[in-house]
Amino acid sequence: MIRNITLGQFIPGHSLIHRMDPRMKIALTFAFIIFLFIASNFAGMLLMVALMFVVLLCSGVPLSLYFKSLKGILFIVLFTAVLNLFYGGGTVVWRCPFFPVMQITDGGIGNAVFVSVRIVCLILYSSVLTFTTSPTELTDALERIMKPLKVLHIKVHEIAMMMTIALRFVPTLLEETDKIMSAQKARGADMESGGVMQRIRSLIPVLVPLFVSSFRRAYDLAMAMECRCYHGGEGRTKMKQFHLTKVDAGAAACTALICAAVIFCTAYFPASLR
Amino acid sequence: MEYLSAQNTSFSYEETEDEEKLEVLHGVTLGIRKGEFVALLGHNGSGKSTLAKHFNAMLLPSGGKVYVDGLDTMDENLKLEIRRRVGLVLQNPDNQLVASVVEEDVAFGPENLGIAPPEIRRRVDEALQAVEMYDYRLNAPYKLSGGQKQRIAIAGIIAMEPDCIVLDEPTAMLDPRGRDEVLSTIHRLNREKGITVVLITHYMDEAVGADRVVVMDRGEILTQGTPREVFSQVQLLKDHQLDVPQATELVWRLRQEGFDLPECALSAEECVTALQKLLTRDF
């Protein structure tokens, strides 16, 4: 059951997006997310959604996988949408007969739609990043992007190294959890019945051995790393070098164009449309 | 001159609250020549792993000296240089892989040494070819078998282009097939690249192919010599609760029963030939 969880859901491929420099992908994802919140009317939002769909199609990843990634957050989207219905000004559309304070306004409906579209776009667009970039590329790119932070004495290399190792050990520890659970079940542990508290309590005999073995692994790994001359980030080189290509330049130009258009829409179209 | 040299080396773990000071090595003197394939045998707790960790300055002797290619392991400044020359492969293949892509894991060592990127690429490809894992270079390690993972770990060491590899029970957690893969890989590296190999194991059969066998017991060297010399001393090994290869054991037992057999057979083939000779002569 545990094996079905997809983590680091990288899907190998050779699409335009796959070939992009991961640093550029991260930068553009950030830009997209920022402009998702700048776009405050339908015209701007439409542009953002259009851009997102173009990127989804360019990624060469089956669309069904993207929708699968949405399933998990469906509840959050609905929850925030319903919550937003009750906030906002404008003409009252419906008033709760028992609690007159609870009322739905047309502004509230607009808010609800905008918030849901924003969350969905956010998830889909960041899925593009994780689907098309291998975890190691991601941490590598983050390390390079954050390099300037070294001035502030932030241990950029150490953070990136921790992320790499964490990602590396996720499947190993999942497998181990599975094994320990089977071992405890074989000894008569009951993990599938009872209330929430009961189930949480029944996880303790799984977590304790898992922790112990993780520490043993950490000790081993530290030794193995030292054996391989690891001595921190100083004087370290990287086998893989990133290069910005025409694809990156094109993607950046397209995104910049759309973002400019979004700013234009926000500034010139009446906000009352929302 | 000896490449690895332990001179009257002793080692004891520091005293802790619940354990008193425990000396695990009592003045071991051992030299290993360049290009040699040495098997280090012994029980759990015989000090063989402890000795191994002295050869790349992971542990420092509390008495005596350890030299690697003439470099004193006590010298803090030489630590990296020593670890580049002597690579240590550990028992659990899962716990020594750092990255989630095979080739990036192999690149970890050279990256630490600050080698130029194109040169790292060349070394990684070469190391992966040397352990016959080149086709798996883009795989995730957790999807590989134990033997394959251990070969990746070996590739990660070779990519640093060491003179010597010390393997601390590299096959203990593997199935028989994985063991064969790993063993044939180390033998090939020793033969073709001239890499000095120190193989620590408690499987007697693995020691048969070595140039020299060193048997350790309770922190001391019990006996050493060619596999034939060592495994002829069946009684001595048995007195210290150590096994001999199965073929050797069979021939020895038959000899005890008065059959006219050679003093020592190392492999199954050798044993079969000896038995054949005996049987055809009798009838």
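Residues numbered from 1 in each chain as written. Chains lettered and ligands numbered in written order. Predicted model: local features only at pLDDT ≥ 70, side-chain atom pairs only at ≥ 80, totals over all residues.

*Asks:* What is the right way to read the overall build of chain A from this model?
*Replies:* Within chain A one finds 11 helices and 2 strands. Its helices and strands taken in sequence order, chain A reads α-α-α-α-α-β-β-α-α-α-α-α-α from the N to the C terminus. Projected onto the principal axes, the alpha-carbon positions of chain A cover approximately 65 × 55 × 40 Å. Taken across its 274 residues, chain A has 20% of its residues classed as buried. Considering only intrachain contacts with a sequence separation of at least 6, the fraction spanning at least 24 residues in chain A is 76%. (Helix = DSSP H or I, 4+ residues; strand = E, 2+ residues; numbered from the N terminus. Buried ≥ 20, exposed ≤ 12 C-beta atoms within 10 Å, placed from the backbone. Contact = placed C-beta atoms within 7 Å.)

*Asks:* Teacher, can you tell me more about the overall build of chain B here?
*Replies:* When you go through chain B residue by residue, the secondary structure sums to 12 helices and 10 strands. The C-alpha atoms of chain B give a radius of gyration of 20 Å, which matches the 19 Å a tight globule of 283 residues would have. When the backbone C-alpha atoms are referred to their principal axes, chain B occupies close to 70 × 45 × 40 Å. Residues classed as buried in chain B amount to 49% of the 283 residues present. Taking the contacts inside chain B whose residues are at least 6 apart along the sequence as the reference set, 63% of them involve residues at least 24 apart. (Rg over C-alpha atoms; globule rule 2.2 N^0.38 Å.)

*Asks:* Could you clarify how one ought to interpret the sheet that holds strand β8 (residues 196-201) of chain B in this entry?
*Replies:* Sheet strands line up and pair through hydrogen bonds in the backbone, either parallel or antiparallel. Residues and elements named next belong to chain B. Pairing is mixed in the open sheet, where 6 strands are placed in the order β6-β7-β8-β3-β9-β10. Looking at which strands have only one partner, the edges of the open sheet turn out to be β6 (86-89) and β10 (220-225). In this sheet, adjacent strand axes meet at a mean angle of 20° when their direction is disregarded. Of the pairings in the sheet, the one linking strand β9 (residues 212-217) to β10 comprises 5 bridges and is antiparallel in character. Along β10, the bridge assignment pairs valine 215 with threonine 223. (Pairing = 2+ DSSP bridges. Axes fitted to C-alpha atoms, helices over the stretch in contact; angles between N-to-C directions.)

*Asks:* Explain the packing of helix α6 (residues 146-158) of chain B against helix α7 (residues 176-193) of chain B to me, please; I cannot follow it from the model alone.
*Replies:* What describes two packed helices is the angle between their axes and the distance between those same axes. Residues and elements named next belong to chain B. In contact at an axis separation of 8 Å, α6 and α7 are set at 25° when each is read in the N-to-C sense. Looking at the two axes, α6 sits roughly parallel to α7. Between α6 and α7 the crossing geometry is right-handed. Residues Gly146, Gly147, Gln150, Arg151, Ile154 and Ile158 of α6 pack against Arg177, Gly178, Glu181, Val182, Thr185 and Leu189 of α7. Class assignment of the residues belonging to the contact of α6 with α7 gives a composition of 4 nonpolar, 5 polar and 3 charged. (Parallel < 35°, antiparallel > 145°, perpendicular 65-115°, else oblique. Left-handed = near helix turned anticlockwise from the far one by under 90°. Nonpolar A, V, L, I, M, F, W, Y, C, P; charged D, E, K, R; others polar.)

*Asks:* Teacher, can you tell me more about the pairing of strand β1 (residues 2-13) of chain B here?
*Replies:* Residue and element names in this part refer to chain B. Note: β1 against strand β2 (residues 22-33), 8 bridges, orientation antiparallel. Following the sheet pairing, phenylalanine 11 is matched in β2 by leucine 25. Judged from the 5 bridges that link them, β1 and strand β4 (residues 63-68) form a sheet pairing that is antiparallel. Its bridge partner being in β4, serine 5 is matched across the sheet by tyrosine 67.

*Asks:* Can you walk me through the interface of chain A and chain B in this structure?
*Replies:* Bring the parts together and some accessible area is lost; that lost area is often taken as the interface size. Listed by partner, the interface residues are 27 residues for chain A and 34 residues for chain B. Among the secondary structure elements, those contributing two or more residues to the side of chain A that touches chain B are α7 (135-146), α8 (156-186) and α10 (204-227) of chain A. Take the side of chain A that touches chain B: its biggest share by element is 8 residues, from α10(A). Taken together, the residues of the side of chain A that touches chain B break down into 12 nonpolar, 8 polar and 7 charged.

*Asks:* Is there a simple way to think about the confidence of the model for chain A in this case?
*Replies:* Detailed reading of predicted coordinates is not advised where the pLDDT is low. All names here are of chain A. Across chain A, the average pLDDT comes to 85, with 95% of residues at 70 or higher. Here strand β1 (residues 92-95) is the element of chain A with the lowest mean pLDDT, 77, and α10 is the one with the highest, 92. Contacts from residues 1-7, a stretch scored under 50 in pLDDT, to residues over four places away or in other chains number 6 contacts. (pLDDT = per-residue confidence, 0-100.)

*Asks:* What is the right way to look at unusual backbone geometry in this model?
*Replies:* For residues other than glycine, phi is negative in most cases, and the peptide bonds are mostly trans. Positive phi outside glycine occurs at His153(A), with the angle close to 60°. For His153(A), the location among the structural elements is in the loop between α7 and α8. A positive phi angle, close to 45°, is found at Glu169(B), a residue other than glycine. Assignment of secondary structure puts Glu169(B) in the loop between β7 (164-168) and α7. Accessibility expressed as a C-beta count within 10 Å gives 21 for Glu169(B), which makes it buried.

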